[in-house]
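Topology and contacts: notes
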Amino acid sequence: NAGVTQTPKFRILKIGQSMTLQCTQDMNHNYMYWYRQDPGMGLKLIYYSVGAGITDKGEVPNGYNVSRSTTEDFPLRLELAAPSQTSVYFCASSYSSGNGPGDQPQHFGDGTRLSIL
Amino acid sequence: AQSVTQPDIHITVSEGASLELRCNYSYGATPYLFWYVQSPGQGLQLLLKYFSGDTLVQGIKGFEAEFKRSQSSFNLRKPSVHWSDAAEYFCAVGVRSGGGADGLTFGKGTHLIIQP
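Criteria and cut-off values
- Counting from 1, residues in each chain are numbered in the order their sequence is written.
- Lettering for chains starts from A, numbering for ligands starts from 1, and both go in the order in which the items are written.
- The predicted nature of this model means local features are confined to residues of pLDDT at least 70 and side-chain atom pairs, given and counted, to a pLDDT of 80 or more, with totals for whole chains, interfaces and linings taken over all residues.
- By convention in this description, side-chain values take in all heavy atoms of the structure and omit both hydrogens and water.
- What counts as a helix is a DSSP run of H or I of at least four residues, what counts as a strand is a run of E of at least two, and both are numbered from the N terminus.
- Only C-alpha atoms enter the radius of gyration, while the globule expectation follows 2.2 Å times N to the 0.38, with N the number of residues.
- When a residue's accessible area, from a 1.4 Å probe over protein chains only, is under 20% of the maximum for its type it is buried; when over 50% it is exposed; and in between it is partly exposed.
- We call two residues in contact whenever any of their non-hydrogen atoms come within 4.5 Å of each other.
- Methods summary: accessible areas were calculated by the Shrake-Rupley approach with a probe of 1.4 Å, and residue burial reflects only the protein chains presented.
- Salt bridges are counted wherever a side-chain nitrogen of Lys or Arg sits within 4 Å of a carboxyl oxygen of Asp or Glu.
- Note on pairing: two strands pair once DSSP finds at least 2 bridges between them.
- Working definition: a ring pair exists when centres of Phe, Tyr or Trp rings (six-membered ring for Trp) sit within 6.5 Å. Plane angles under 30 degrees give stacked, over 60 give edge-to-face, the rest tilted.

Attention shifts here to the overall build of chain A. Check the secondary structure of chain A and you find zero helices and eleven strands. Counting from the amino terminus, chain A carries its helices and strands in the arrangement β-β-β-β-β-β-β-β-β-β-β. On C-alpha atoms alone, chain A measures out to a radius of gyration of 14 Å, which is about the 13 Å that the 2.2 N^0.38 rule sets for 117 residues. Seen through its principal axes, chain A has C-alpha atoms that stretch 40 × 25 × 25 Å. Evaluated residue by residue, chain A yields a buried proportion of 48% over its 117 residues. Residue pairs in contact within chain A that sit at least 24 positions apart in sequence constitute 56% of those at least 6 positions apart. For chain A, the computed accessible surface area is about 5300 Å², with 51% contributed by carbon and sulfur atoms.

Residue and element names in this part refer to chain B. Scanning the model with the defined rule gives six salt bridges over all chains in all. Between Arg 22 and Asp 8 there is a salt bridge whose closest N-O contact spans 2.9 Å. With Arg 22 in the loop between strand 3 (19–21) and strand 4 (24–26) and Asp 8 in the loop between strand 1 (3–5) and strand 2 (10–14), the pair connects residues that are 14 residues apart, well separated along the chain. Overall, Asp 8 belongs to the buried group, its relative accessible area being 18%. When salt bridges that share partners are traced, they join Glu 64, Glu 66 and Arg 77 into one network.

So, about the pairing of strand 9 (residues 87–94) of chain A. Residues and elements named next belong to chain A. In terms of residue burial, strand 9 counts as a mostly covered element, since eight of its eight residues are buried. Here strand 9 shows a buried face lined by Ser 87, Tyr 89, Cys 91 and Ser 93 and a second buried face lined by Val 88, Phe 90, Ala 92 and Ser 94. For strand 4 (residues 31–37) and strand 9, the ladder comprises seven bridges, and the chain directions are antiparallel. Within the sheet, the bridge partner assigned to Met 32 lies in strand 9 and is Ser 93. As defined by bridge partners, strand 9 adjoins strand 11 (residues 112–116) across three bridges and the pair is classed as antiparallel. If you follow Tyr 89 over to strand 11, its bridge partner there is Thr 112. Where strand 9 meets strand 10 (residues 107–108), two bridges bridge the pair, whose relative direction is antiparallel. Across the sheet, residue Ala 92 finds its bridge partner in strand 10, namely Phe 108.

Moving on to the packing of aromatic side chains. In this description, a pair of aromatic rings is defined by centroid distance and the angle of the planes. What the rule picks out here adds up to 15 aromatic pairs over all chains. Taking 6.1 Å as the distance between ring centres and 80° as the angle between the ring planes, the aromatic pair formed by Phe108(A) and Phe106(B) counts as edge-to-face. Here Phe106(B) lies in strand 11 (residues 104–106) and Phe108(A) lies in strand 10, a pairing that spans two chains. Cluster of aromatic residues (ring-pair linked, three or more members): Tyr33(A), Tyr35(A), Phe90(A), Phe108(A), Tyr32(B), Phe34(B), Tyr36(B), Phe51(B) and Phe106(B).

Rendered as structure tokens:
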């Protein structure tokens, strides 16, 4: 059972380039999330999805886009990379209890370390 | 909106000594509470969770946490730490959302250093 898988693990981009961070989960979770982690700042929610075809903004969505065409996959897109987007990105998923995702633990991938130069 | 405070950025503990990591939350009702651990280069792993009932919860790796409503706290404890416990620890709060999906709010983390 792989859980949450993120690719790539590391990437260096030039300013203005674009890329897609991939995330897939095999636990049939309907909730999925993208976070960024900066030193000393904890995790901040970028986007989340409550199911295929449904996405919404989190705390720091500017500069990112997401899509959710299947239950398993939740890619994160950077269109015009900026130095401020240098960070470690984590994808997570959780089970829906019907009360929203706040009462369920989230399962995390190992992260993508992204540097924008 | 809910918030989480982890007052200690770094904590150093000798191997074999006891450990307590502090977590305070702000929320108008009883939240759902979680502790996660992050080893270097890894994602977050769930240590334990509190939903309701017994305020002392047991988790993996010998950790426990106690929910104290009067103090809005959910401190993590371990009676005897091992060198492998060196990691970053995150407290998180979840709330019952009214149709939204805000998920969890994380504290900024406490970096645990184990001295030999």
